[in-house]
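Spelled out, the chains give:
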Amino acid sequence: METTNTVAQINIDRTKPQIELIDITSSNQDYPNYANSTHLITGHLKLTETNIVKNNLSSEQIKVAVTDKKENIVVNNYLITPNFESFSLISDNGIEKIYEFSFTNATSNGTLIIAIPPRIIRDKAGLYNESKTFYTNITIDNTPPQGSFNEITIANQQSRAEISLNEPIRPIVGWNTSNLGFTLSKEFSSCVCYPLPIVDFAGNSSEVLINIKNATSIFLEYSSYDDYSRFTKASNGAVSSPNTISSNSICKTEAIMMRLVGANSFSLQGKVYEHTYWGEGFRGICRYSELSYYHGYNPTSPTLWWTVNTSYVISHLKNYYTQFGGTGVNSITLPNEIGKQYLFGISAIQFKLKDTTDISVVYQGYINGIGWLQASSDGEENCYQYNKPFSSFRINLVPKTEKQYLINYWNRNVGTNSIN
């Protein structure tokens, strides 16, 4: 006779609790493998164990660090203290538990590390989890990019702007990238000065001052007459009457002379509003050029524009200029006391280019007591009030891709007396 007795039923468990990092990403939508301290970093941990008796897995137990690496060798690890926004159990099937965590304020620079310490999970067999270190695919970068500008003269009186970078950056429309992303370049036909924003993959930003001084393939020159400094020359974005601004003079711009050199496939057109003492219907004669001008817009028809170098042209200092407005607005036939107040002159300007898709024209007026106005471009009216003439102005031709950068730069001076 055989007898079978069950002494005990024992479940043998030799598998320690397992923790895995399933995935991790940043809120940097364009470049999710890069982040700085502003981004929300979200990840998921999987805990595998069926017989848990102790579970201390929480945001307080997750260690976050960044590491320096050189040729895939860890050099230094830096423990950081991010701000955990959430930690929650989002799935549990009895065998696997899925936790979601998220945090911001990932400081320092390097590859992101998520570490789980040992002995925070224990099963019924008395087995604990081991420590785990997860090297993620996220690069933490909190340092703004740096770039240095250099102007190189090339053929046809043009210049090439080159920017040397300390790290690759996000692409910039209109700029070419070379040298594994460490060099930017762009060709310019005319002089211009503005700061170019540069942004790295993590979203850190800085500026590089683009200052093209030697490109003369296209050259724009203008002079303003204000009965104080007579005709004052300026070109390519320079202030037309800087002395008027710096001395806080009440003089107003009565006439503008302009010429464009090297324009092949396009031409510059413009119109101005002349505010006079005599008002609507008034016709004056410029005492300098003997050209006529009118109260209101010149040319008088709303559909007409004068083309620089081909319309209303006069000879001045051995060159030909297009004249807008006329001199004598604050002196001829005016009562002496009114003339001394300098209440009259050009109070609105409009410029645009014809036959081009690559170049824009940007311009901005200055009014004594008001400061610089918001910059305008490509046919927009630049005006404060028709009875508030300009004391000064500036105008520049710029590649269309760079137009908004120049507008933003000039608009930093809105409401100020800056002559820079």
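Let me sum up the structure you'll find in this document.

What counts and how
Residues numbered from 1 in each chain as written. Predicted model: local features only at pLDDT ≥ 70, side-chain atom pairs only at ≥ 80, totals over all residues. Heavy atoms only, no water. Core = buried A, V, L, I, M, F, W, Y, C linked by side-chain atoms within 4.5 Å. Buried < 20%, exposed > 50% of the residue type's maximum accessible area, 1.4 Å probe, protein only. Helix = DSSP H or I, 4+ residues; strand = E, 2+ residues; numbered from the N terminus. Contact = heavy atoms within 4.5 Å. Pairing = 2+ DSSP bridges. Axes fitted to C-alpha atoms, helices over the stretch in contact; angles between N-to-C directions. Arc of directions from axis to C-beta. Salt bridge = Lys/Arg side-chain N within 4 Å of Asp/Glu carboxyl O. Polar contact = N/O pair within 3.5 Å; in protein donor to acceptor, adjacent residues only side chain to side chain. Disulfide = S-S within 2.5 Å. Phe/Tyr/Trp six-rings, centres within 6.5 Å; stacked < 30°, edge-to-face > 60°.

**Things to note about the nonpolar core**
Okay, step 1: Among the nonpolar cores identified, the biggest contains 25 residues, and Met258, Leu268, Ile349, Phe351 and Ile395 are the most heavily contacted of them.
Okay, step 2: When contributions to this core are tallied by element, the ones reaching two or more residues are strand E18 (219–225), strand E20 (255–261), strand E21 (267–275), strand E28 (345–354), strand E29 (359–367) and strand E33 (392–399).
Okay, step 3: Residue contacts for Ile349: discarding those within four places in its chain leaves Ile256, Lys271, Val272, Tyr363, Glu380, Glu381, Asn382, Phe390 and Phe393.
Okay, step 4: Ile24, Ile41, Ile62 and Tyr99 belong to the second-largest nonpolar core, a separate cluster that totals 24 residues.

**Describing the sheet that holds strand E12 (residues 147–153)**
Okay, step 1: Spatially, four strands are ordered E12-E13-E15-E14 in an open sheet, and the strand pairing comes out antiparallel. Whereas interior strands pair on both sides, the edge strands pair on one side only; in this sheet they are E12 and strand E14 (176–178). For this sheet, the mean inter-axis angle between neighbouring strands, taken without regard to orientation, is 25°.
Okay, step 2: Pairing analysis gives three bridges linking E14 to strand E15 (residues 183–188), with the strands arranged antiparallel. Looking at the pairing, Ser178 lines up with Thr183 of E15.

**Focus on helix H3 (residues 403–411)**
Okay, step 1: Where H3 is concerned, the buried positions are Leu406, Ile407 and Trp410. Down the axis of H3, the buried side of the element spans an arc of 100°, and every buried residue falls inside it.
Okay, step 2: Looking at the buried side of H3, the elements it contacts are strand E16 (190–199), E29, strand E31 (376–377) and E33.

**A closer look at the pattern of salt bridges**
Okay, step 1: What the rule picks out here adds up to 11 salt bridges.
Okay, step 2: The partner of Asp30 in a salt bridge is Arg170, with the nearest N and O atoms 3.9 Å apart. Residue Asp30 is found in the loop between strand E1 (18–26) and strand E2 (34–35), and its partner Arg170 is found in the loop between strand E13 (159–165) and E14; the two are separated by 140 residues along the sequence.
Okay, step 3: Accessibility expressed as a relative area gives 58% for Asp30, which makes it exposed.
Okay, step 4: Salt bridges sharing partners connect three or more residues here, namely Glu20, Lys46 and Glu96.

**Some details on the side chain of Arg394**
Okay, step 1: Looking at where Arg394 falls in the secondary structure, it is placed in strand E33.
Okay, step 2: Side chain to side chain, Arg394 and Gln364 meet in a polar contact 2.8 Å long.
Okay, step 3: At 3.2 Å, the side chain of Arg394 forms a polar contact with the backbone oxygen of Asn420.
Okay, step 4: Once residues within four sequence positions are removed from consideration, Arg394 is found in contact with Tyr222, Gly237, Ala238, Val239, Val362, Tyr363, Gln364, Trp372, Trp410, Asn413 and Asn420.

**A short note on the pairing of strand E27 (residues 319–325)**
Okay, step 1: Where burial is concerned, most of E27 is hidden: five out of the seven residues are buried.
Okay, step 2: With four bridges joining them, E20 and E27 adopt antiparallel strand pairing. Each residue of the ladder has a partner; that of Ala255, found in E27, is Gly325.
Okay, step 3: Counting the residues between successive antiparallel strands, the hairpin from strand E26 (residues 313–316) to E27 contains two residues, one of them, Leu317, with a positive phi of roughly 50°.

**Regarding the environment of Ala202**
Okay, step 1: Position of Ala202 among the secondary structure elements: in the loop between E16 and strand E17 (205–216).
Okay, step 2: We classify Ala202 as buried; its relative accessible area is 1%.
Okay, step 3: For the pair Ala202 and Asp123, spaced 79 residues apart in sequence, the C-alpha separation works out to 41 Å.
Okay, step 4: Among all residues touching Ala202, those that are not within four sequence positions of it are Asn28, Tyr34, Ala35, Asn36, His39, Asp141 and Arg170.

**Remarks on the state of the cysteines**
Okay, step 1: Inspection of every chain in the model, using the stated rule, returns zero disulfides.
Okay, step 2: A disulfide-free cysteine, Cys191 has its sulfur positioned 10 Å from the sulfur of Cys193, the nearest such atom.
Okay, step 3: The buried category is assigned to Cys191, whose relative accessible area is 11%.
Okay, step 4: No disulfide involves Cys286; its sulfur sits 16 Å from the nearest other cysteine sulfur, which is in Cys251.
Okay, step 5: Cys286 sits in the buried class, given a relative accessible area of 1%.

**Details of the environment of Ser224**
Okay, step 1: On the secondary structure map, Ser224 appears in strand E18.
Okay, step 2: Taking C-alpha positions, Ser224 is 49 Å from Gln29, a pair spaced 195 residues apart along the chain.
Okay, step 3: Within the structure, the side chain of Ser224 is placed 2.7 Å from the side chain of Ser241, a separation counted as a polar contact.

**Topic: the packing of aromatic side chains**
Okay, step 1: This structure, assessed with the given rule, holds 19 aromatic pairs.
Okay, step 2: Considering the side-chain rings of Tyr222 and Phe393, the 5.4 Å spacing of their centres and the 40° angle between planes classify their relative orientation as tilted. Of the two residues, Tyr222 is situated in strand E18 and Phe393 in strand E33; the sequence distance between them amounts to 171 residues.
Okay, step 3: The exposure class of Phe393 is buried, given its relative accessible area of 0%.
Okay, step 4: The interplanar angle of 85° and the centroid separation of 4.8 Å between the aromatic rings of Tyr277 and Trp278 together place this pair among those described as edge-to-face.
Okay, step 5: Since its relative accessible area comes to 33%, Tyr277 is described here as partly exposed.
Okay, step 6: Chaining the aromatic ring pairs together yields one cluster made of Trp306, Tyr312, Phe324, Phe351 and Tyr363.

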